[in-house]
Amino acid sequence: MKIESVFLPLDRMLSDWAKDAFEKAWPDAVGQIPAMSVVQTTSSGFGDYQCNAAMAVAKFVKKAPRDVAKAVIDGSVLHESIERAEIAGPGFINLHLKAVWLEKRLEAIVSDGRLCMPEIGAGQTVVMDYGSPNMCKPLHIGHLRSPNIGSALDRMHRFLGYRVIADNHLGDWGTQFGYTILGYRHFGDKEALEKKPMEELERIYVLSRERGEQDAEWLSQCRQELVKLQSGDPENVKLWKEFMDLSLRELNRMYELLGVHYDPA
């Protein structure tokens, strides 16, 4: 069995066969014959697949549809998968497949490590950015969608031969760190941070954010802490790195549980 006959859809193979058969039987209609479409039958009593093109071709060649269909069957070599072809109704061509051919097709697929899929992406690179969590906050159910969908697309592209660069853009900068740094200095619990870092960091952030909504001076101080961080203040950078390390440790633990993996930067 040819490798292309394994991974190509059956309806595609049979449609290509039908096109060649019609063009051979009715060469004067080449260019006028509509796109061949072989589809599954609605009932096993009509065979496995069906081609209804004879009715359309009959209009061009000025023949009865059944005569058109008969000429196609009589003048062609059946596709290797076809056991027999029959004319039904006004000119339908019903195709019955060989059970042995189908068995060999399935055997070829399951015995191949790649399921006989072609590596259509070989030599091409795809960059995927998925996940994108905010640091200092635990993941919740809403965070499952992006990494799971992204990871599925990642694996599919790798399977098809693409070189995939999987990136996870971290929310590791911005106003949230001004809230968290100032909040840690006022509300932080070092012991809680060591035992349950993500829960403690979120608690600190929420308290600081809520106070900032009520206290303009507190909000101003949070913004100042962010500016200091952005300016490279040693104390704020040290806290930022500590918070980042704790967040990444927890994120990596969760991603490992989910089976989601990103490429190193």
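Residues numbered from 1 in each chain as written. Predicted model: local features only at pLDDT ≥ 70, side-chain atom pairs only at ≥ 80, totals over all residues. Heavy atoms only, no water.

> Mind showing me how you'd approach the packing of aromatic side chains here?
Aromatic ring pairs: the centre-centre distance and the angle between the two ring planes describe each pair. The final tally for this structure, using the stated rule, is six aromatic pairs. On the numbers, 5.4 Å between centres and 85° between planes, the contact of Trp-173 with Trp-240 is edge-to-face. Placement of the pair is Trp-173 in the loop between strand E6 (163–167) and helix H7 (175–187) and Trp-240 in helix H11 (residues 234–258), with a sequence separation of 67 residues. A relative accessible area of 17% means that Trp-240 is categorised as buried. (Phe/Tyr/Trp six-rings, centres within 6.5 Å; stacked < 30°, edge-to-face > 60°. Helix = DSSP H or I, 4+ residues; strand = E, 2+ residues; numbered from the N terminus. Buried < 20%, exposed > 50% of the residue type's maximum accessible area, 1.4 Å probe, protein only.)

> How should the sheet that holds strand E3 (residues 82–88) be read in this particular structure?
Pairing between the strands of a sheet comes from backbone hydrogen bonds, and it takes one of two forms, parallel or antiparallel. Taking strand neighbours across the sheet as the criterion, the four strands line up as E1-E2-E4-E3 in an open arrangement whose pairing is antiparallel. Unpaired on one side and paired on the other, strand E1 (38–40) and E3 mark the two borders of the sheet. Averaged over all pairs of adjacent strands, the angle between strand axes in this sheet comes to 30°, irrespective of strand direction. The pairing of E1 with strand E2 (residues 49–51) spans three bridges and is antiparallel. For Gln-40, the partnering residue across the bridge sits in E2 and is Tyr-49. Sheet contacts for helix H4 (residues 65–74): E3 and strand E4 (92–97); angle to E3, the most-contacted strand, approximately 165°. (Pairing = 2+ DSSP bridges. Axes fitted to C-alpha atoms, helices over the stretch in contact; angles between N-to-C directions. Contact = heavy atoms within 4.5 Å.)

> Sorry, what's going on with the packing of helix H9 (residues 197–214) against H11 here?
Helix packing geometry: the angle between the two helix axes and the distance between the axes. The geometry of H9 relative to H11 is characterised by a closest axis approach of 9 Å and an angle of 130° between their N-to-C directions. Between H9 and H11, the angle is such that the two are oblique. The element H9 and its partner H11 pack so that their crossing is left-handed. Residues Pro-197, Met-198 and Leu-201 of H9 pack against Phe-243, Leu-246, Ser-247 and Glu-250 of H11. (Parallel < 35°, antiparallel > 145°, perpendicular 65-115°, else oblique. Left-handed = near helix turned anticlockwise from the far one by under 90°.)

> It is not clear to me how the nonpolar core should be interpreted in this structure. Could you clarify?
Nonpolar side chains tend toward joint burial in soluble globular proteins. Ranked by size, the top nonpolar core spans 30 residues in total, and within it Phe-22, Val-68, Ile-93 and Leu-95 carry the most contacts. In terms of residue count, the dominant contributor to this core is helix H2 (residues 10–25) (seven residues). Judged by nonpolar contacts, the second largest core, of 25 residues, contains Val-126, Phe-177, Leu-226 and Val-260. (Core = buried A, V, L, I, M, F, W, Y, C linked by side-chain atoms within 4.5 Å.)

> Looking at this structure, I do not really get the environment of Cys-116. What am I missing?
Counting through the fold element by element, Cys-116 comes out in the loop between helix H5 (99–111) and strand E5 (125–129). Assessed through its relative accessible area of 7%, Cys-116 is described here as buried. Cys-116 sits 108 residues away from Leu-8 along the chain, and the two C-alpha atoms are 9.5 Å apart.

> Would you mind going over a nonpolar patch on the surface with me for this structure?
Where nonpolar side chains cluster on the molecular surface, the patch consists of Leu-115, Met-117 and Phe-159 and spans about 250 Å² of accessible area. Mapped onto the elements, Phe-159 comes out in helix H6 (residues 145–159). Classification of Phe-159 by relative accessible area gives partly exposed; the value is 32%. (Patch = residues over 30% accessible without salt bridge, like charges linked within 9 Å, V, L, I, M, F, W, Y side chains within 5 Å. Areas by Shrake-Rupley, 256 points an atom, 1.4 Å probe, with all protein chains shown as cover. Salt bridge = Lys/Arg side-chain N within 4 Å of Asp/Glu carboxyl O.)

> Just checking my understanding: could you explain helix H3 (residues 53–61) for this structure?
Turning to H3, its buried residues are Ala-53, Ala-54, Val-57, Ala-58 and Val-61. Buried residues of H3, viewed axially, fall in a sector of 135°; they line one side. At its buried positions, H3 is contacted by H2, E2 and H4. Remark: Lys-62 follows H3 within two positions and exhibits a positive phi of approximately 60°. (Arc of directions from axis to C-beta.)

> Could you clarify how one ought to interpret the pattern of salt bridges in this entry?
Charged atoms that come close allow side chains of opposite charge to pair. This structure, assessed with the given rule, holds 15 salt bridges. With its nearest N and O atoms 2.7 Å apart, the salt bridge here joins Lys-19 to Glu-23. Here Glu-23 and Lys-19 lie together in helix H2, a separation of four residues that amounts to about one turn. A residue is classified by how much of its surface remains accessible, and Lys-19, at 39% relative accessible area, is partly exposed. Its salt-bridge partner being Glu-213, residue Arg-209 comes within 3.8 Å of it at the nearest N-O pair. Taken as a pair, Arg-209 and Glu-213 lie in helix H9 at a separation of four residues, close to a single helical turn. Residues joined in a network through salt bridges with shared partners are Arg-185, Glu-225, Lys-228 and Glu-235.

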